[in-house]
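Report on the structure
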Amino acid sequence: MQLRYNFRVYPSPGQRISLAKAFGCARVVFNDALRVREDARAAGLPFVTSGELSKWLTVVKRTPERVWLGEVSSVVLQQSLRDLDTAYRNFFGGLKGKRPMMGAPRFKSRRDSRQAVRFTANAGWRITDGGKLRLPKIGDVRVKWSRQLPSVPSTVTVVKDAAGRYFASFVVETDPAADLGRMPETDTVVGIDLGLTHFAVLSDGRKIDSPRFLRRAEKKLKRAQRAMSRKAKESKNRDKARIKVARAHGRVADARRGFHHRLSTELIRDSQAVAVEDLAVKGLARTRMAKSVHDAGWSAFVAMLEYKAARYGRAFLRIGRFEPTSQVCSNCGVKDGPKPLHVREWACGACGAVLDRDVNAAVNVAKAAGLAVSACGAQVRPERVPAQRGEAGTHSKGRRPTAAQAGISVP
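Overview of the structure. From a predicted model like this one, the values you see are computed outputs, not experimental measurements.

**Observations regarding the packing of helix α7 (residues 236-270) against helix α10 (residues 298-311)**
- Axis separation between α7 and α10 bottoms out at 9 Å; the angle between their running directions is 40 degrees. Comparing the axis directions of α7 and α10 gives the class oblique. In this structure, α7 crosses over α10, and the sense of that crossing is right-handed. Taken together, the residues of α10 that come into contact with α7 (itself represented by Arg257, His260, His261, Leu263, Ser264, Thr265, Leu267 and Ile268) are Ala300, Phe301, Met304, Leu305, Tyr307, Lys308 and Ala309.

Now the structure itself:
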């Protein structure tokens, strides 16, 4: 299994200039290669292959117009061509129905919110004994390590986001069989009903409150956005205000991602099997609840549950979105029709059980996935359980790991 580990890096002013050159060169190579293929398509010529583009790049680097491409690592430029191939592969795969529909490759801009360059093993990058990341033609970049790498990384991608922050993203190969021992087996199974009032309602009766990170930060975001709108376009002050807005949004996204990680890890650790409903997020994002739906981030949370379950040997089950989980009594199984959204409690006409709408749906999600759960969690008479925050917190501040501690062999 391939996993990605992200760490914050702090390049010096000179290293930022070198990274800016690398970002620009990779962007130019991507755009030039895309233009070559588009011109060939417009002229009715065969599709330009990757090998032909690689030879073309070798020739272009010797021309006076593109001689400055030699100032960055050649691996960065070759990886930019690989990114173009991936974009075309995703586009053609969507047309053939092999994957979700993707748009055609587009030209990159220096104003894009994300700039990235990738270094493979043959680029000669490594982690020094002092815990710094040594990149070719850039130097030793300071890294803030928050955890150890489980194995030697195959690639590292340096990313600059819209807020001007830099990150190093490592791709490592791990053996899921070795990770199974980290989480002992348990007999607990759980069904999850995702919502807006409560982020998640579990089949055992627990309700996880929705943090609503975007809603809570809305006033600050509005002030920052209004301050930016009053600045003159193309001015230095507007650029500074834009960075403030991006940093404010970045803090919201980081808080939401941390919440998703903590909750998904807790559920995977405590449950042998997890069942969720396949929600139509794209459809809900076109309704009046769009902002709240995006603020919840259900898709990212479910994706975390899926890959953590695969890593730690748990069962992850997804039921169809058309299952009538809110219409069926989890106690006796009788279906008595749809109910308006304002109905949060209802009594089953067949067995008389008083059911909580969300807990009842969570129990039915687990049952629809084939999990043997008790329907007693659907009763609303017992005392409510507060939101679980057992894993809240940040990484402890410690010494920066050396290359050996990070799992990197130093030649």
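Next, the rest of the story.
**Structural notes on the packing of helix α6 (residues 218-229) against α7**
- Closest axis-to-axis distance for the α6/α7 pair is 9 Å, and the angle between their directions is 165 degrees. Between α6 and α7, the crossing angle belongs to the class labelled roughly antiparallel. Crossing geometry of α6 relative to α7 is assigned as left-handed. Taking contact as the criterion, the partners of Leu221, Ala224, Gln225, Met228 and Ser229 in α6 are, on α7, Arg238, Ala241, Arg242, Val245, Ala248 and His249.
- Its residues assigned to classes, the contact of α6 with α7 comprises six nonpolar, three polar and two charged.

**Overview of empty space enclosed by the protein**
- This model, assessed by the stated rule, comprises one cavity of 30 Å³ or more.
- Here the largest cavity is characterised by a volume of approximately 30 Å³.
- Lining the largest cavity, in full, are Phe199, Ser210, Pro211, Arg212, Phe213, Arg256, Phe259, His260, Asp295 and Ala296.
- Secondary-structure elements contributing two or more residues to the lining of the largest cavity are α7 and α9 (290-296).
- The dominant element in the lining of the largest cavity, judged by the number of residues it contributes, is α7, at three residues.
- Broken down by class, the residue content of the lining of the largest cavity amounts to five nonpolar, two polar and three charged.

**Structural notes on the pattern of salt bridges**
- By the definition in use, this model includes 24 salt bridges.
- The shortest N-O distance in the salt bridge between aspartate 278 and arginine 321 comes to 3.5 Å. One end of the pair, aspartate 278, is in the loop between β11 (273-277) and α8 (281-284); the other, arginine 321, is in the loop between β12 (315-319) and β13 (345-347), with 43 residues separating them in the sequence.
- The class of aspartate 278 is partly exposed, set by a relative accessible area of 27%.

**Details of the nonpolar core**
- Counting residues in hydrophobic clusters, the biggest one holds 44 residues, and the most contacted among them are Val117, Phe119, Trp125, Leu133, Leu135, Val156 and Phe170.
- Tallying contributions element by element places helix α1 (residues 13-42) first for this core, with 10 residues.
- Ignoring anything within four residues of it in the chain, the contact list for phenylalanine 170 reads Leu3, Arg4, Tyr5, Phe7, Trp125, Ile127, Leu133, Trp145, Leu149, Pro153, Thr155 and Val156.
- Counting 29 residues, the second largest nonpolar core, distinct from the first, contains Leu194, Leu221, Val276 and Ala296.

**Details of the sheet that holds strand β5 (residues 139-144)**
- Spatially, the seven strands line up as an open sheet ordered β2-β6-β7-β1-β5-β4-β3, and their pairing is antiparallel. Of all the strands in the sheet, just β2 (115-120) and β3 (126-127) have a single pairing partner and so form its edges.
- Set on the sheet, α1 makes contact with β2, β5, β6 (155-160) and β7 (166-173); between it and β2 the angle comes to about 90 degrees.

**Some words on the environment of glycine 103**
- Within the secondary structure, glycine 103 sits in the loop between α3 (74-95) and β2.
- When the C-alpha positions of glycine 103 and phenylalanine 91 are compared, they lie 6.0 Å apart, and in sequence the two are 12 residues distant.

**Re the state of the cysteines**
- Tallied over the entire structure, the rule returns zero disulfides.
- Unpaired in terms of disulfides, cysteine 332 finds its nearest cysteine sulfur in cysteine 348, a separation of 3.5 Å.
- Residue cysteine 332 is classed as partly exposed on the basis of its relative accessible area of 36%.

**Some points on the pairing of β11**
- When you tally the buried positions in β11, you get five out of five residues, the bulk of the element.
- Alternating residues of β11 divide into Ala273, Ala275 and Glu277 and Val274 and Val276, and every residue in both groups is buried.
- Where strand β8 (residues 189-194) and β11 come together, three bridges link them in parallel fashion. Residue glycine 191 lies in a different strand from β11, and its bridge partner there is alanine 275.
- As defined by bridge partners, β11 adjoins β12 across five bridges and the pair is classed as parallel. The partner of alanine 273 across the bridge, within β12, is alanine 315.

**Remarks on the environment of alanine 33**
- By the element assignment, alanine 33 lies in helix α1.
- Sequence separation between alanine 33 and serine 235 is 202 residues, and the spatial gap between their C-alpha atoms is 32 Å.
- Not counting chain neighbours up to four residues away, the residues in contact with alanine 33 comprise Leu53, Trp56, Leu81 and Leu84.

**Let's talk about the environment of alanine 224**
- Locating alanine 224 in the fold gives a position in helix α6.
- Taking the C-alpha atoms as reference, alanine 224 lies 43 Å from glutamate 323; in sequence the two are 99 residues apart.

Conventions we followed
- Residues numbered from 1 in each chain as written.
- Predicted model: local features only at pLDDT ≥ 70, side-chain atom pairs only at ≥ 80, totals over all residues.
- Heavy atoms only, no water.
- Axes fitted to C-alpha atoms, helices over the stretch in contact; angles between N-to-C directions.
- Helix = DSSP H or I, 4+ residues; strand = E, 2+ residues; numbered from the N terminus.
- Parallel < 35°, antiparallel > 145°, perpendicular 65-115°, else oblique.
- Left-handed = near helix turned anticlockwise from the far one by under 90°.
- Contact = heavy atoms within 4.5 Å.
- Nonpolar A, V, L, I, M, F, W, Y, C, P; charged D, E, K, R; others polar.
- 1 Å grid on protein atoms, 1.4 Å probe; cavity = no way out; pocket = protein on both sides within 12 Å on 5 of 7 lines; lining within 4 Å.
- Points joined across faces, edges and corners; volume = space filled by probe spheres on them.
- Salt bridge = Lys/Arg side-chain N within 4 Å of Asp/Glu carboxyl O.
- Buried < 20%, exposed > 50% of the residue type's maximum accessible area, 1.4 Å probe, protein only.
- Core = buried A, V, L, I, M, F, W, Y, C linked by side-chain atoms within 4.5 Å.
- Pairing = 2+ DSSP bridges.
- Disulfide = S-S within 2.5 Å.

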